[in-house]
Amino acid sequence: MRDNKPIIEVKNLKKSFKHSKREAGLRNTLKNIFHPAKKTKKFAVRDIAFKIRKGEFVGFLGPNGAGKTTTLKMLSGITYPDSGFVSVMGFTPWEKNIEYQKRFSMVMGQKSQLWWDLPAMESFLLNKAIYEISNEDFNARIKELTELLEAKNLLDKQVRQMSLGERMKCEIIASILHNPEVLFLDEPTIGLDVVAQKNIRDFLRQYNEQKKTTIILTSHYMGDILKLCKRIIIIDKGKIIYDGLISKLIEKYAPNKTITVYLDQEVERKKLENFGRIIQFDEAKVVFEVPRKKIKKLAADLLSSDLPIKDIDIAEPGIESIIRNIFKSGL
Amino acid sequence: MKASAFRKFWHYFKVFFVIKKLGFTGRASYRLNFLLLIFAVSFQMILSVIFVRTVFSFVKEIAGWSYFESLLVLASYMIVEGAVWMLFGQMGAIKDLIRRGGLDSLLIKPVDAQLLVSAWRGDLEDVSRVFSGLAVLIYAISNLNLPLEFILFNSVFYFLFILNAVAIAYSFALFLQTMSFWLIKGHSLTMIQDSILSVSKFPTDIFFNKIVRFVFTFAVPIAFISTVPAKIFSEGFNFIFLLESFAVAGLFFWLSRKFWLFALRKYQSVGG
Amino acid sequence: MRKYFLIFKNAIREGMIYRIDTLTFLFSEILIFFSLFYLWSSAYGESVTIGNYSLKEMLFYYLAAHFILLTAKNNEITWMIGEEIRMGSFNIFLVQPLDYSKYILFYILGKSFFNTLIFTSAFCVIFIFFGQYLDPPNEISRYIYFIISVGLGFFIHFFFNYIIGLSTFWLGMIQGIIFSFWSTSSLLEGSIVPLDLLPDFLQRINDFLPFKYTVFVPISILNGKIDPDLALFLIPVFWILFLFFLSKFIFKKGIKRYEGFGI
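Quick notes on the rules
Residues numbered from 1 in each chain as written. Chains lettered and ligands numbered in written order. Predicted model: local features only at pLDDT ≥ 70, side-chain atom pairs only at ≥ 80, totals over all residues. Heavy atoms only, no water. Contact = heavy atoms within 4.5 Å. Buried area = accessible area lost by both parts, 1.4 Å probe. Salt bridge = Lys/Arg side-chain N within 4 Å of Asp/Glu carboxyl O. Helix = DSSP H or I, 4+ residues; strand = E, 2+ residues; numbered from the N terminus. Axes fitted to C-alpha atoms, helices over the stretch in contact; angles between N-to-C directions. Parallel < 35°, antiparallel > 145°, perpendicular 65-115°, else oblique. Left-handed = near helix turned anticlockwise from the far one by under 90°. Nonpolar A, V, L, I, M, F, W, Y, C, P; charged D, E, K, R; others polar. Core = buried A, V, L, I, M, F, W, Y, C linked by side-chain atoms within 4.5 Å. Buried < 20%, exposed > 50% of the residue type's maximum accessible area, 1.4 Å probe, protein only. Patch = residues over 30% accessible without salt bridge, like charges linked within 9 Å, V, L, I, M, F, W, Y side chains within 5 Å. Areas by Shrake-Rupley, 256 points an atom, 1.4 Å probe, with all protein chains shown as cover. Pairing = 2+ DSSP bridges. Polar contact = N/O pair within 3.5 Å; in protein donor to acceptor, adjacent residues only side chain to side chain. Domains from an automatic or database assignment. 1 Å grid on protein atoms, 1.4 Å probe; cavity = no way out; pocket = protein on both sides within 12 Å on 5 of 7 lines; lining within 4 Å. Points joined across faces, edges and corners; volume = space filled by probe spheres on them. pLDDT = per-residue confidence, 0-100. Right-handed = clockwise from strand over helix to strand, strands pointing away.

Attention now moves to the interface of chain B and chain C. Across the contact, 37 residues belong to chain B and 39 residues belong to chain C. When chain B packs against chain C, close to 3,400 Å² is buried across both sides, 78% of that on carbon and sulfur atoms. Counting the contacts that link chain B with chain C gives 0 salt bridges. Residue assignment for the side of chain B that touches chain C shows that the elements contributing at least two residues are helix 2 (31–56), strand 1 (61–62), helix 9 (187–198) and helix 10 (210–219) of chain B.

If you want it as structure tokens, here you go:
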């Protein structure tokens, strides 16, 4: 089993939707009865390509309507592309190969597959029947997953009585009961509180490390992506504008950090200029900007000097602002 | 090859059964509502009987059918409708799944989506329809003064006719509900379904116009849903009818599946 | 008052967008009438009258009944109210200065307005072509009384449906109640068979109930089997007032429960 061969390969993927515009107003509605509105084409995915290796945990990032969910839908076989090549574990997703369906899974944050009025266990038993999981495997998986997610008490709880976080835990359990090798997560933490988000993230990280399951995650929350993925694919307006390690992204687009020094008394600017590049100078506050590698040295120099330093603050432009800037001004 | 086909069939049967169990348990969990629904459905059945009774309190026969013979038709309608409501929820799950996006979750499962959507909804309270139908059937038969061997012998064939009738009603429901892929709101489809099928409460012989009768026998074959099964007790076993019953059931099942697959393909190439 | 008119207007627009629903409703009713036509024609066979109706009168009865069902039906408000309460979108009515019953009323009037236009036009067409055959009444006054009577019946139905919708506060799922009520009322109002064909004891019980004023009474006034008596218009008014106050009472109780327990 060569680890180099990508488990997911996408080439020249294209998808567009036809959209009919409906205008408001009584008159326009009347018009619509006799002259149905024209359809305009909207390109959701234009020429996307990437390769993912087994065990990778990749994040898809992008604004609403960028094409993340559409791409995942094509990878899971729900949607047919207009053109392009997709291979997951050697299968073409939309050919509905039962073998493929038994080996992958998808969790959609806003859509639930659990039965509302019944205890979660019933929905799990349904998936057991659908995926033909043996009794031993099923019991072992339930034990393992409920422990990892701290969800033992949820098995007999009715889904409609669960909080959003509890529901998402059960949603995930239901989706991976059959031990999929590939997992797609579409906005899994949407609407969850901070604690629930952390629980889900911790679980996903552990799960990926232990089982080497290949995971693609889309999310609005940078926190999800930053904490879980080393590699990130940024999609905007249907095109990939960055595909690579997060660390490299940060290095490339935010190479500098800032140190803010609060002084007890005024110090001559000239004296401070020796330490590093000053981008802001006030009576009692100086802001230095230096490349990341040099930040430690600068901090050490400042602190060991005889400057009347009251407080020191090291900051870096948040990854959020980096990415925001990428979307605003492009690369 | 045979073994794997059997295994697949068994797998599908199990999945269907599990989904039905889920559906029934969920529905019965609202106890008061469930009891009221049973009452409501039973009452609807009683209403139909009242209607037939009232009409026959003034006349002796309608289009050659006596009161008890007409009850045979009504009973067959109740049994078939009850079965399709109970087992398949008249395919009402389709429009809900499309509208709320749940269909996507089903498409990624390693089971034919048609099976899943067929099982997804099941109104348990409609078992009372089946029971009412059986009660009316027994009542009607007992009043027709038929010899016992005749009843027993023909009951077997009656059962076959009913199976075909359920297949036809199922295919009809599937065909109509598949249109939910193109229409925004789905309520109207159920309405059409119900109204067309309710025509089968009466013997198709009431349609003295030949063209209309042909339409309701072969184009929209409601005749095979209730009138033809009933005729086995009112007129006796007819082999041609049995063959036609199988042929029509098979044809409509095939057509409705083709339409469903077509709609599904369209849905998937258009996307969300 | 203006906000209610806006609701009315929006409901009309909604009706136009979901025009397919209207058409299928029309289609269903035409189909049902079609099968009833054949049924009764076959039933009459040799005989001239059933009850005190000739075939023409019977068919006219059902034609009028379907007209009423198409134009004055307001059953959908029970679902609507049930959904709003269960999904919580009802909350907005606790905060906004909007009378809930008026909101529902203007909504259904808007929906019905569009439907009524379509159905009345369709019926006019049917009448012109086939109506002559059924010997429709000549006096315009009967048609006016008919419309007033149907209007009163609309409000009786409205308050019943409204109250049933509100029962969601206590019952959660109300499908059972809805279907039970609709089956019962459709028999007792004369939609299934003309009331004077039913056994006497049933007719006498029914006299104490308001249902016959929605279908049977208007049609009987129209076809001349009953003379337009003042009582026929006053009694429904009393029922409407009674149901109106009852609904207000139930609404208050319901709100208290909703705020106390939530749903």
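After presenting the structure, the write-up continues.
Residues and elements named next belong to chain C. Relative orientation of the contacting elements helix 2 (residues 19–44) and helix 6 (residues 100–130) amounts to 40°, with a least axis distance of 11 Å. As judged from the angle between their axes, helix 2 and helix 6 are oblique. The hand of the helix 2/helix 6 crossing is right-handed. Of the residues in helix 6, those in contact with R19, T22, F25 and L26 of helix 2 are F114, N115, I118, F119 and A122. Per-class residue counts for the contact of helix 2 with helix 6 are 6 nonpolar, 2 polar and 1 charged.

In this structure, I8(A), L75(A), F124(A), F184(A) and W40(C) are the most contacted members of the largest nonpolar core, which totals 261 residues. Residue contributions to this core peak at 14 residues, all from helix 8 (residues 148–178) of chain B. When neighbours within four sequence positions are excluded, F124(A) is seen to be in contact with F138(A), I142(A), L155(A), C170(A), I173(A), A174(A) and L177(A).

To continue, consider a nonpolar patch on the surface. Together, L230(C), L234(C), V237(C), F238(C), L241(C) and F245(C) make up a nonpolar patch on the protein surface, roughly 610 Å² of accessible area in all. Mapped onto the fold, L234(C) is located in helix 12 (residues 230–261).

Below, the discussion takes up the sheet that holds strand 9 (residues 239–245) of chain A. All names here are of chain A. The sheet built from 6 strands is open, its strands ordered 5-6-7-3-8-9 with mixed pairing. The two strands at the open ends of the sheet, each matched to only one other strand, are strand 5 (104–108) and strand 9. Neighbour-to-neighbour, the strand axes of this sheet turn through a mean angle of 15°, independent of strand direction. Direction of pairing for strand 6 (residues 182–186) relative to strand 7 (residues 214–218): parallel, over a ladder of 5 bridges. In the strand pairing of strand 7, L183 is matched with I215.

Residue and element names in this part refer to chain B. With 7 of 8 residues buried, helix 6 (residues 113–120) lies mostly within the body of the structure. Taken together, the buried positions of helix 6 are A113, Q114, L115, L116, V117, S118 and A119. Capping of helix 6 at its N-terminal end is provided by D112; its side-chain oxygen lies 2.8 Å from the backbone amide nitrogen of Q114.

The subject of this paragraph is the side chain of T178(B). Structurally, T178(B) can be placed in helix 8. Once residues within four sequence positions are removed from consideration, T178(B) is found in contact with F259(B), W260(B) and A263(B).

The next thing to look at is the environment of I295(A). Residues and elements named next belong to chain A. With respect to the element layout, I295 can be found in helix 11 (residues 295–304). Spatially, the C-alpha atom of I295 lies 9.9 Å from that of G276, the residues being 19 residues apart in sequence. If we ignore the near neighbours within four places in the chain, the residues touching I295 are K257, T258, I259, V290 and I314.

Next up on the list: the domain arrangement of chain A. Domain annotation for chain A reports domain 1 (54–81 + 90–251) and domain 2 (255–315). On a C-alpha basis, the centres of domain 1 of chain A and domain 2 of chain A stand 45 Å from each other.

We now examine the sheet that holds strand 11 (residues 277–281) of chain A. Residue and element names in this part refer to chain A. The strand order across the open sheet formed by 4 strands is 11-12-10-13, and the pairing between neighbours is antiparallel. Each of the sheet's edge strands pairs with one partner strand only, and the pair in question is strand 11 and strand 13 (309–315). Neighbour-to-neighbour, the strand axes of the sheet open up by a mean angle of 25°, direction not taken into account. In the sheet, strand 10 (residues 256–263) pairs with strand 13 via 6 bridges, with the strands oriented antiparallel. For Y262, the partnering residue across the bridge sits in strand 13 and is D311. With respect to the sheet, helix 11 is in contact with strand 10, strand 12 (285–291) and strand 13, its orientation differing from that of strand 10 by roughly 10°.

In total, this model carries 5 cavities of 30 Å³ or more according to the counting rule given. If you add up the space inside the largest cavity, you get close to 100 Å³. What lines the largest cavity is simply F51(B), V52(B), V55(B), F56(B), I62(B), S70(B), K201(B), F202(B), P203(B), I206(B) and L39(C). No other element matches helix 2 of chain B, which puts 4 residues into the lining of the largest cavity.

Right, let's talk about the confidence of the model for chain B for a bit. Looking at chain B, the pLDDT average stands at 89 and 97% of residues meet or exceed 70. When pLDDT is averaged over each helix and strand of chain B, the minimum, 85, is found for helix 9 of chain B and the maximum, 94, for helix 3 (residues 67–88) of chain B.

All names here are of chain A. Strand 6 sits mainly inside the fold: 5 of its 5 residues count as buried. With burial as the criterion, each face of strand 6 is covered, one bearing V182, F184 and D186 and the other bearing L183 and L185. Relative to strand 6, strand 5 runs parallel, the two being bridged by 5 bridges. Paired with M106 across the two strands is F184, which belongs to strand 6. Following the backbone out of strand 6, through helix 7 (residues 194–211) and into the adjacent parallel strand 7, one traces a crossover that is right-handed.

Let's shift gears to the environment of I79(B). Residue and element names in this part refer to chain B. Tracing the chain through its elements places I79 in helix 3. With 72 residues separating them in the primary sequence, I79 and R7 have C-alpha atoms 30 Å apart. When residues no more than four places from it in sequence are discounted, the contact partners of I79 are V130, G133, L134, L137, Y158 and I162.

Let us now look at the side chain of T189(A). Residue and element names in this part refer to chain A. Position of T189 relative to the elements: it lies in the loop between strand 6 and helix 7. With a relative accessible area of 1%, T189 lands in the buried category. Dropping the residues within four chain positions of it, T189 is found in contact with Q197, I200, S219, Y221 and D224.

Any two side chains of opposite charge can pair, on the condition that their charged atoms come close. All names here are of chain A. Per the counting criterion, the structure on display carries 37 salt bridges over all chains. We note a salt bridge from E56 to R231, for which the minimum N-O separation is 3.0 Å. Of this pair, E56 sits in the loop between strand 2 (39–52) and strand 3 (57–61) while R231 sits in strand 8 (residues 231–236), and the two are 175 residues apart along the sequence. With relative accessibility at 13%, the residue E56 sits in the buried group. Residues participating in the shared-partner salt-bridge network are E56, R231 and D243.

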